[in-house]
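# Summary of the model geometry
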Amino acid sequence: MEYFNNELHSGLVWLPELGIGHFPVPPERPYDEGYFTRYQAMSNTSMGHSLTDARIDLISRHYQGTLLDIGIGSGQFVSSRPDTFGYDINPAAVEWLIRNGLWAELYSGYYPALSFWDSLEHIDQPDLAVLHAAKWVFVSLPIFENAEHILLSRHYRRDEHIWYWTHDGLMRWFSVQGFDCVEFNMGESELGRDGIGSYAFCRRTHHGTNE
C-alpha cells in the first residue's frame, strides 16, 4: 500500500523486539549560531550547572583522563572538566571549540573515553561513533517505554532526534557494540528533566588510543 509505504520511509519506525525506533530526520537540521546560543543560555542556570556537575561526577566514579565530548551543547561541560575536548557538527560550536583550543576530530582515531550528553540520538550512524571509544562511553538520553510514549513525548523531535531507545533496547544495542553497562541512574530526571537516563559503558575488549 502506498499510504503505508510512504509512512514507512518518512515516519517513525519502531521495532519492539529491539526496543529501538528510528525517524528519518531530513538533512537540513537546526544546528546554527542560534541553536548554540540557546544552549548557552540554558546551561547558565542552576539546573544547567547541576547537570554538568552530575555528568562530571558520573565519569569520575569510573575514569580519570582524556575524554572527547560529542555534541557539546553549550560547551559548559567541555570547559568545566580538565583533559576534555569536543567534537560537533554545528559550525558555531566548531568555531567556539577551535577558538578555545578544545577541538578534536572524532573519526580520525580512537579515544580512551567518549561522552554523549543528549547527542547519541542525533547521530545518523551512532555505531560508527562509539567505535572510536577505546574503553569508555558515557551517555545521557531520553528513555522510552514504547512507540506511544515517543509520540506523546517532548523528546519526539522530528528535526533533530533520529534514534529512540527503551532502557533494555539501549543495553542490548551497546552490548552488540561490545560494551557492558557498569552504571545506570536517573539522576538527571531527579534534577528536573523528563525521562532522561544516564549510563556508563565499558568496552569488553580494550583497544588502542590515539594518545
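The structure we're discussing is the one just above.
Here's what I pulled together on the structure shown here. (Residues numbered from 1 in each chain as written. Predicted model: local features only at pLDDT ≥ 70, side-chain atom pairs only at ≥ 80, totals over all residues. Heavy atoms only, no water.)

## A short note on the sheet that holds strand β4 (residues 84-87)
Read across the open sheet, the six strands follow the order β4-β3-β5-β6-β9-β8; overall the sheet is mixed. Of all the strands in the sheet, just β4 and β8 (179-185) have a single pairing partner and so form its edges. The sheet shows a mean angle of 20° between the axes of neighbouring strands, taken without regard to direction. Where strand β6 (residues 133-142) meets strand β9 (residues 196-203), seven bridges bridge the pair, whose relative direction is antiparallel. Bridge pairing links serine 140 to serine 198 in β9. Relative to the sheet, helix α8 (residues 167-177) contacts β6, β8 and β9, its axis offset from that of β9 by approximately 20°. (Pairing = 2+ DSSP bridges. Helix = DSSP H or I, 4+ residues; strand = E, 2+ residues; numbered from the N terminus. Axes fitted to C-alpha atoms, helices over the stretch in contact; angles between N-to-C directions. Contact = heavy atoms within 4.5 Å.)

## Notes on the pattern of salt bridges
Evaluation of the coordinates by the stated rule reveals eight salt bridges. The closest approach of N and O atoms between aspartate 124 and arginine 29, which form a salt bridge, is 2.9 Å. Of this pair, aspartate 124 sits in the loop between β5 (111-117) and α6 (126-130) while arginine 29 sits in the loop between β2 (20-22) and α2 (33-43); the two residues are 95 residues apart in sequence, bridging distant segments of the chain. Through salt bridges with shared partners, one network takes in Arg55, Asp118, Glu188 and Arg193. (Salt bridge = Lys/Arg side-chain N within 4 Å of Asp/Glu carboxyl O.)

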